[in-house]
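Below are the chains, spelled out letter by letter.
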Amino acid sequence: MVALRRAAHQLMDQPPVFADPLALRILGTAVAEELERNPQYRAHRISDRYLRAFLAARSRIAEDTLAELVGQGLRQYVILGAGLDTFAYRNPWHELRVWEVDHPATQGWKRERLASAEIAVPTPAPFVPVDFAGQDLEQALVAAGLDLGQPTFFSWLGVAPYLERPAIDALLGFVARASGSGGGIVFDYFIPPHTQTLMIRLLLALRRRRLKQIGEPWRSHFDPAELTAQLRTLGFRDVTDFTPDMINARYFAGRHDGLKVGTIGHVMRAVVTRD
């Protein structure tokens, strides 16, 4: 569904905030053709516009940050929970190596999609299959060729809200150690529902119920100030919390279609600045 909204953004929202020329192809011919015939395919609720905008914005922030760090010499990029992310297959920097970390079953499904869409896989292949329930992420990445002595940038999109806090804290601790000077992370998170209006809380309650029914319940929220303090304690010095107002001002101002993000999702950018 994330990939579907990312593809719909290419068709429905002009100009796109996040351009992804492979977003339609990786969906498969049948879904792509249906979406091209009817961009509103599976996207009929008003909340979907806010979600579609947020998914586009978080990817844009991640790849804008990546471009900035590559310009400063970064050469390693890890996509955690990659899903159907397409960056590795449109990577414009030959010197940048990309690793995609995901569950083995999800990664197998993605490889089938790539082959069906005839999307070329780079060499070395980016795939790092990891079952977080029983495998060590650091060991898996090192075995796949990641150099912990070099700066690394991590994107971690659409994952943190579905994890318990101990798992989130452990992942952020690892990333802080592995990023190195000149590396960092971009990830998204939700603020507590009680900070929202009654109408927003009701909409969120409905969405939480739907996600629980499909086995993907929301498990965590963060207070922005506390999360920022935690990241600084871990060693990230350049920390920016992209609030909804900041995201709308930077990426959606002046649009004629009124596209914008909602009020609960934030995107956090945390970088270990060079000495």
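See the structure above.
Residues numbered from 1 in each chain as written. Predicted model: local features only at pLDDT ≥ 70, side-chain atom pairs only at ≥ 80, totals over all residues. Heavy atoms only, no water.

(A) Just the packing of aromatic side chains, in detail. Tallied over the full model, the rule gives seven aromatic pairs. Note on Phe87 and Trp93: the rings are 6.3 Å apart at their centroids and 40° apart in plane angle, and the pair reads as tilted. The class for Trp93 is partly exposed, based on a relative accessible area of 24%. Taking the centre distance of 5.9 Å and the plane angle of 80° together, the rings of Phe154 and Phe174 count as edge-to-face. One end of the pair, Phe154, is in strand β4 (residues 153-156); the other, Phe174, is in helix α6 (residues 165-179), and 20 residues separate them in sequence. There is no split in this pair, since Phe154 and Phe174 are both buried. Among the aromatic residues, ring-to-ring pairing joins Tyr77, Phe87, Trp93 and Phe153 into one connected group. (Phe/Tyr/Trp six-rings, centres within 6.5 Å; stacked < 30°, edge-to-face > 60°. Buried < 20%, exposed > 50% of the residue type's maximum accessible area, 1.4 Å probe, protein only. Helix = DSSP H or I, 4+ residues; strand = E, 2+ residues; numbered from the N terminus.)

(B) Quick look at the pairing of strand β5 (residues 184-190). Burial within β5 is extensive, with seven of its seven residues counted as buried. Where burial is concerned, the two faces of β5 agree: the one with Gly184, Val186, Asp188 and Phe190 and the one with Ile185, Phe187 and Tyr189 are both buried. Alignment of β4 against β5, held across four bridges, turns out to be parallel. Residue pairing in the sheet places Phe154 in a bridge with Ile185 of β5. One crossover worth recording links β4 to the parallel β5 by way of α6, and it is right-handed. Here seven bridges tie β5 to strand β7 (residues 265-271), and the two strands are oriented antiparallel to one another. Bridge assignment links Asp188 to a residue of β7, and that residue is Val267. (Pairing = 2+ DSSP bridges. Right-handed = clockwise from strand over helix to strand, strands pointing away.)

(C) Here's a closer look at the nonpolar core. If you look at the biggest cluster of nonpolar residues, it comprises 47 residues, and the most contacted ones within it are Leu66, Tyr77, Leu96, Ile247 and Phe252. Counting only elements with at least two residues in this core, the list comes to α1 (2-12), α2 (29-37), α3 (46-71), β1 (76-80), α9 (244-252) and β7. Ignoring sequence-local partners within four residues, the contact set of Ile247 consists of Phe54, Ala57, Ile61, Phe242, Phe252, Val261 and Val267. Membership of the second largest hydrophobic core comes to 36 residues, among which are Val78, Leu137, Phe154 and Leu231. (Core = buried A, V, L, I, M, F, W, Y, C linked by side-chain atoms within 4.5 Å. Contact = heavy atoms within 4.5 Å.)

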